[in-house]
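As a plain string of letters, each chain reads:
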Amino acid sequence: MKLAAVAFYGLAAGLLAVGLRELLTGFEENRCSMTYMFEYPEYRRVALPRRVARLYPAYGLYLYGEGVYAQETRALKLTGAPVLFLPGNAGSYKQARSLGSVALRKAETMEGGLHFNVFTVDFNEELVALYGGSLLRQTHFLHESIKAILRLYKHLKTPPQSVVLVGHSMGGVVARALFTLPRFNTNLVSLIITQASPHLAPVLALDPYLLDFYSAVRQKWVNQANKLRNVTVLSVGGGYRDYQVRSGLTSLPCPPGDPNKLSLVVTAVPRTWVSTDHLSIVWCKELVLATVRAFFDLIDPETRQFTENSEKKLAVLNHHFIKHPVRLPGETQETPVSISDLPDAWSEVNTLRLAYSTPKEGQPKFFLFALSSRRKAYSHFYCRSNNLEMTSWVYGCLQKNGSSCVFAADLSKGTELLPPYKVLTLRLSDLSSFTHLFVSASNLNGKQFTVECEWQREESQTLSVAVPHVLSFGLTSSDVTVNSSGLLHTIKLQHFHQVYQAFRINVASQCKVQKDRLPSVYRIKVPWFREDSLTTVSVPSVTEISGMLHTSRPDNTSGALLQLHTAPNCQYKVSIRTSLPRVLGQILRFCGHMVPVYTAVTLLLACGGQVSSILKSRRAADMSQMVGKGLQPHKVNLPVYILHIALSCSCFQEVWSMLFLPSMDTLPPTFPDVAFHEEETPGEEWVHLLSPLLYIFGAAVAYWGSTLLRLVIRLISLVLAPLHRPSVSRDCGTLRLRTQLLITLCLTVMGGTSCGALSIFASFLFHLYRVLRLQMTERYLRHMLNLAPRKHKEAENGTIDPECLSRSKESNGTPLLSECALQEVRDDLQLHLCLSALFTLPVMLSGPSLIHWIRNLRYSTQLNPDPCWPYIVPLIFVYMLLINCNTLKLSNSKLLPLTSCLPLPLAIIMVTFSPLHLYRITYFLLASLIPLALCCLL
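Reading the values: the criteria
Residues numbered from 1 in each chain as written. Predicted model: local features only at pLDDT ≥ 70, side-chain atom pairs only at ≥ 80, totals over all residues. Heavy atoms only, no water. UniProt positions renumbered as here; feature names shortened; annotations may be inferred. Helix = DSSP H or I, 4+ residues; strand = E, 2+ residues; numbered from the N terminus. Phe/Tyr/Trp six-rings, centres within 6.5 Å; stacked < 30°, edge-to-face > 60°. Axes fitted to C-alpha atoms, helices over the stretch in contact; angles between N-to-C directions. Parallel < 35°, antiparallel > 145°, perpendicular 65-115°, else oblique. Left-handed = near helix turned anticlockwise from the far one by under 90°. Contact = heavy atoms within 4.5 Å. Nonpolar A, V, L, I, M, F, W, Y, C, P; charged D, E, K, R; others polar. Pairing = 2+ DSSP bridges. Disulfide = S-S within 2.5 Å. Buried < 20%, exposed > 50% of the residue type's maximum accessible area, 1.4 Å probe, protein only. Core = buried A, V, L, I, M, F, W, Y, C linked by side-chain atoms within 4.5 Å. Polar contact = N/O pair within 3.5 Å; in protein donor to acceptor, adjacent residues only side chain to side chain. Salt bridge = Lys/Arg side-chain N within 4 Å of Asp/Glu carboxyl O. Expected span 1.5 Å × (residues − 1). Arc of directions from axis to C-beta. Lys, Arg positive; Asp, Glu negative; His and termini not counted. pLDDT = per-residue confidence, 0-100.

**Student:** Tell me about the UniProt feature "transmembrane region" (unreviewed entry) in the protein chain, and please be specific about residues and values.
**Tutor:** The UniProt entry lists residues 740-769, 831-851, 871-888, 895-913 and 919-937 under the feature "transmembrane region" (unreviewed entry), expressed in the numbering used here. Helix makes up 93% of residues 740-769 and strand 0%, whereas the separation of the span's terminal C-alpha atoms amounts to 14 Å. Secondary structure content for residues 871-888 is 78% helix and 0% strand, and the end C-alpha separation is 28 Å.

**Student:** How would you summarise unusual backbone geometry if you had to cite specific residues and measurements?
**Tutor:** Pro540 follows Val539 through a cis peptide bond whose omega is 0°. Within the secondary structure, Pro540 is located in the loop between strand S27 (533-537) and strand S28 (541-547). The omega torsion across Asn864 and Pro865 is 0°, close enough to zero to call that bond cis. One can find Pro865 in the loop between helix H23 (847-855) and helix H24 (872-883). The phi torsion at Asn124 lies on the positive side, around 65°, for a residue other than glycine. Topologically, Asn124 is positioned in the loop between strand S4 (116-122) and helix H5 (135-151).

**Student:** How would you sum up the packing of aromatic side chains? Please name residues and give values.
**Tutor:** Tallied over the entire structure, the rule returns 32 aromatic pairs. Consider the rings of Phe366 and Phe438, whose centres lie 5.9 Å apart with planes at 80°: the pair is edge-to-face. Here the residue Phe366 occupies a position in strand S14 (residues 366-370), and Phe438 occupies one in strand S20 (residues 436-440), the gap between them amounting to 72 residues. The structure contains a cluster of three or more aromatic residues connected by ring pairs, namely Phe8, Tyr9, Tyr703 and Trp704.

**Student:** I'd like a rundown of the packing of helix H9 (residues 285-297) against helix H10 (residues 310-321), residues and numbers included.
**Tutor:** Two elements in contact, H9 and H10, have axes separated by 9 Å at closest approach and are oriented at 155°. The angle between H9 and H10 falls in the class roughly antiparallel. Of the two elements, H9 crosses H10, and the hand of that crossing is right-handed. Of the residues in H10, those touching H9 at Leu287, Ala290, Thr291, Arg293, Ala294 and Asp297 are Lys312, Val316, His320 and Phe321. Each residue belonging to the contact of H9 with H10 can be placed in one class, and the counts come to 5 nonpolar, 2 polar and 3 charged.

**Student:** So what's going on with the sheet that holds strand S5 (residues 164-168)? Which residues, and what values?
**Tutor:** Pairing is mixed across the open sheet formed by 8 strands, whose spatial order is S1-S2-S4-S3-S5-S6-S7-S8. Two strands close off the open sheet at either side, each with one partner strand: strand S1 (41-45) and strand S8 (261-265). Each neighbouring strand pair of the sheet contributes to a mean axis angle of 20°, computed without reference to strand direction. Strand direction decides the pairing type here: strand S3 (residues 81-86) and S4, joined by 5 bridges, are parallel. Bridge pairing links Phe85 to Thr120 in S4. Contacts between helix H4 (residues 97-107) and the sheet are confined to S1, strand S2 (60-66), S3, S4 and S5, with S2 contributing the most and set at about 40° to the helix. Here helix H6 (residues 170-177) sits on the sheet in contact with S3, S5 and strand S6 (191-195), set at roughly 140° to S5.

**Student:** Just give me the short version of the pairing of strand S30 (residues 570-578), but keep the residues and values in it.
**Tutor:** Two faces belong to every sheet, and in a regular strand the side chains alternate between them. Here 8 bridges tie strand S23 (residues 477-484) to S30, and the two strands are oriented antiparallel to one another. When the bridges of S30 are listed, Asp479 appears paired with Ser575.

**Student:** Account for the state of the cysteines, with residues named and values stated.
**Tutor:** For the structure shown, the criterion picks out 4 disulfides. With its sulfur 2.2 Å from that of its partner, Cys32 forms a disulfide with Cys284. In this structure the cystine formed by Cys32 and Cys284 twists about its S-S bond by roughly -85°; its chirality is therefore left-handed. With Cys32 in the loop between helix H1 (2-25) and S1 and Cys284 in the loop between helix H8 (280-283) and H9, this pair connects stretches of sequence that are 252 residues apart. Note on Cys32: relative accessible area 11%, which makes it buried.

**Student:** Which residues make up the environment of Ile146, and what values do they have?
**Tutor:** Locating Ile146 in the fold gives a position in helix H5. Each C-alpha atom of the pair Ile146 and Val164 lies 9.7 Å from the other, and the pair is 18 residues apart in sequence. Ile146 has contacts with Leu84, Val163, Leu165, Leu178, Leu188 and Val189, leaving out every residue within four places of it along the chain.

**Student:** Give me the lowdown on the nonpolar core, citing residues and values where you can.
**Tutor:** Formed by 108 residues in total, the largest nonpolar core has its most connected members in Leu882, Leu890 and Met910. Of all the elements, helix H22 (residues 819-845) adds the most residues to this core, at 13 residues. Aside from chain neighbours lying at most four places away, what touches Met910 is Val597, Ala600, Val601, Leu604, Pro915, Ile921, Phe924 and Leu925. Grouped together as the second largest cluster of nonpolar side chains are 97 residues, Val102, Ala175, Leu234 and Leu317 included.

**Student:** Got a sec to walk through the environment of Lys635? Specific residues and values, please.
**Tutor:** Mapped onto the elements of the fold, Lys635 is located in helix H14 (residues 633-646). The class for Lys635 is partly exposed, based on a relative accessible area of 39%. With 21 residues separating them in the primary sequence, Lys635 and Ile614 have C-alpha atoms 22 Å apart. Apart from the residues lying within four places of it in its own chain, the contact partners of Lys635 are Leu904 and Ile908.

**Student:** Report on the side chain of Thr602, specifying residues and quantitative values.
**Tutor:** Note on placement: Thr602 falls in helix H12 (residues 595-617). Within the local environment of Thr602, its side chain forms a polar contact with the backbone oxygen of Tyr598, the two atoms lying 2.8 Å apart.

**Student:** How would you summarise the environment of Gln610 if you had to cite specific residues and measurements?
**Tutor:** Mapped onto the elements of the fold, Gln610 is located in helix H12. On the basis of relative accessible area, Gln610 is assigned to the buried category, the value being 0%. As for Gln610 and Val627, which are separated by 17 residues in sequence, their C-alpha atoms are 9.5 Å apart. The residues touching Gln610, leaving out its near neighbours within four places in the chain, are Ala620, Ala621, Asp622, Met623, Met626, Gln830, Leu831 and Cys834.

**Student:** Explain the sheet that holds strand S15 (residues 380-385) to me, using residue names and the numbers behind them.
**Tutor:** The 5 strands lie next to each other as S13-S21-S15-S19-S18, forming an open sheet whose pairing is antiparallel. Of all strands in the sheet, those with a lone pairing partner are strand S13 (353-357) and strand S18 (416-417), marking the two edges.

**Student:** Talk me through the pattern of salt bridges; I want residue IDs and the actual numbers.
**Tutor:** Under the definition given, this model contains 23 salt bridges. Arg710 serves as the salt-bridge partner of Asp622, at 3.2 Å between the closest nitrogen and oxygen. Of the two residues, Asp622 is situated in the loop between H12 and helix H13 (623-628) and Arg710 in helix H17 (residues 685-720); the sequence distance between them amounts to 88 residues. The exposure class of Asp622 is partly exposed, given its relative accessible area of 26%.

**Student:** An account of H14 is requested, with residue identities and associated values reported.
**Tutor:** The end-to-end C-alpha distance of H14 is 19 Å, a good match for the 20 Å that 14 residues give at a rise of 1.5 Å each. Of all the positions in H14, only Val636, Asn637, Val640, Leu643 and His644 are classed as buried. End-on view of H14: buried residues confined to an arc of 125°, all on one side of the axis. Of the exposed residues in H14, the ones pointing more than 90 degrees away from its buried face are His634 and Ile642.

**Student:** Break down the UniProt feature "domain: GPI inositol-deacylase PGAP1-like alpha/beta" (unreviewed entry) in the protein chain for me, with residues and values.
**Tutor:** Mapped onto this numbering, the UniProt entry annotates "domain: GPI inositol-deacylase PGAP1-like alpha/beta" (unreviewed entry) at residues 78-297. Helix makes up 31% of residues 78-297 and strand 15%, and the two end C-alpha atoms of the span are 20 Å apart.

**Student:** Run through helix H11 (residues 580-591), naming residues and quoting values.
**Tutor:** Compared with an ideal rise of 1.5 Å per residue, which puts 12 residues at 16 Å, H11 spans 16 Å between its outermost C-alpha atoms and is within 8% of the ideal. Of all 12 residues in H11, 10 are buried; the element is thus mostly enclosed.

**Student:** Now, about the side chain of Asp242: what can you tell me, with residues and values included?
**Tutor:** Looking at the secondary structure, you find Asp242 in the loop between strand S7 (232-237) and S8. Despite its burial, Asp242 pairs with no opposite charge; the closest candidate is Arg589, at 7.6 Å N-O. With residues up to four places along the chain from it excluded, the contact list for Asp242 reads Ala196, Thr276, Asp277, His278 and Arg589.

**Student:** How would you explain the packing of H22 against H24 if you had to name every residue and give the values?
**Tutor:** A pair of packed helices is captured by two measures, namely the crossing angle of their axes and the spacing between those axes. Viewed as axis vectors pointing N to C, H22 and H24 meet at an angle of 160°, and their least axial separation amounts to 12 Å. Taken together, H22 and H24 sit at an angle that is classed as roughly antiparallel. Classified by chirality, the crossing of H24 by H22 is left-handed. Taking contact as the criterion, the partners of His832, Leu835, Phe839, Pro842 and Val843 in H22 are, on H24, Leu875, Tyr879, Leu882 and Ile883.

**Student:** Hey, could you go over the confidence of the model for the protein chain for me, with residue numbers and the actual values?
**Tutor:** Of all residues in the protein chain, 93% attain a pLDDT of 70 or more, and the chain-wide mean is 89. Confidence drops under a pLDDT of 50 for residues 805-812, and excluding neighbours within four residues, the segment shows 12 contacts in the predicted structure.

Set out below in structure tokens:
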């Protein structure tokens, strides 16, 4: 039975390791270019009012500078446009150097002396993603910093009226939280750019302050969405390389009709097209360049400050972060274009496809396409060119003179930039006012490039394929072959619209004729969110694409698309297989926060099993055996699922509301914009179906974690044994009543005046010492009995003499050196090992607040607010009482039958209410441990 448990939990741990490996390493290599400082960076501290400095001694405001610019701004006489960088969780204010340095280099090439003053806030590198008590304090300091920055420009004739905020990670959440302050003037901030900021929900909710903060921000931006429509917010997610904040959480909760709130993934940003990890998104040169270019385009030439025009802000952000057409933001195209009449430069194309490469000698060249003969047979006109210059190149002819066009309208606005070339697709039904199209392939500067165009029929170049089921485990594949007679093909991936799906998409291309061709681009296009990913390959080639999603489709209708920008006259074979490692990685990416809950459930049921064993046989079972039996999905997951189904009925919901019960915890929304409506979303049933697997993962963590704890205790006891006098009593490591009361009082006072997590950790150490003494005693008794002349094989075989049971009922009936004494110590050791494993959970959950308190000791000796204050007294009380607990006291307690019934219902309640509120685990553990502690008294 033990070998079976080891094999089962070994397999579970292996699957968990495969998923973790895929989550942490299963992505593309970092293709971001590093940003470098050309001169030594300097951070000049900005003086704040005494009141602000006294209220926030740990925080600071700095101005970034380099070289000559740093010397010129020494007196803080500033003339640029203010930009304020906000670091995130444990982030340094010095991370602003990438943005500041690139902005300074870019300003050197700008006319008129346009430049930015990049400020940065020092939040003391606080762990605000895990401890929410500092978020409101950071928000207030940010407000004071903005007012201090604007005061530096009062000497200007037209001083700036607002500051642009760039927030990384939790810094972006703090930026949006500004608008929740009652005295904040919303005109002070009109543009916010966030990088890898979890706007929908916190990654881990380890204290209630974090959730309260998120709730206040969400309610402000949802309930007053109309008042905040003029505030432009751009949220950029990092992609799959960022395993700390998944990109689905970076979606802004906003009404669907608000165009000023933009959410996207960095892989879809033009001229970037790379995935970034949580830190590299700050210094990724490609993304920093896109941000700085957007900033310069946002400058109003008259005021030399950021524009307040919402339409211009939206146009600039769309240009640099979404589509990047060839036209610069703000350029008009309605005026017809006059084309010079050069008969030799014009050629009319009567074939279905054009492929033209410019000569080395510069010459004007225009290709004319007649629309009248193509309208019925074709639906689109597609064109691409690897000339990436920002120039217009496709026109609709308004007036034709012979073989040339005299007046034309520019149709290049819809151009989209891809890594190797720019592409334009025109719908013929939108071109009814034109008789011809023409493409400019002029290379007056002698630059060589290629232009390829064709007429397309959408239905003939669109294929559909059903993706394999997620439970196919890669044994089956969905294959489709594209015999490329065109330049663009679209494959509809049917039923690919959920985040738990993951595929290996192999694309093999081969051509009959070997010649130079433009590269092929494979693009996974997600219609409901800007999370496209692009892969550029040469032809012929064999390429594997990772097919995964950051967000699910709300209506479960059509799936994602695979667009193939292909080479003509080549064949493309597409094979789609489910990837089990990637499926496991996606499950952990979206549901990983539920694994600690099931770990706590397993340990709680293990302790419940120990109590039941003591109640039935007056003995404690082996710890690993009890933890192994803590996996009971039929008793835990089934009632939770039944409750979920019952809550779908309105009558049951009314009863639930009348009882003032909180709502069930489920996943944070995996659909964009769903958080705005705050209603239950369809398609999340898969979470309940995956609950048994997550339970298995949590049980594996509990099983091997408790095994590791037992091994560590054995090693530490070996080290400490020479420092302690040998003991043969089961009462080793216990405390006298007076000592117990004194320690409990001291720890309570310490927790109330400094940090509750510190008292909890100290209480855990007292109990750990009790376990170590039991381990030393067990080893000493075992060695002494091996040396004794009598050999009792019962103890070695796991049996026990019946006399031991009768003696154990008496308080002092067991000889000090006997097999019975050894058995009693072993029973107590197994009991306290289970308790110690359970006690580690409150310590780990309160760890972030303890770390925060330690790092801020120089500013304050008391943690305020302290998330541990509601349960610190009962938890210390429980720890201290259970130090003196043993199997004899428990077996004689009248409360033990009632106590043995509590773990299972509490485990069900924990799974129901804790996945999004991890701090509740401690409360549910207390509800089980308090009766157990009382058993030691009654």
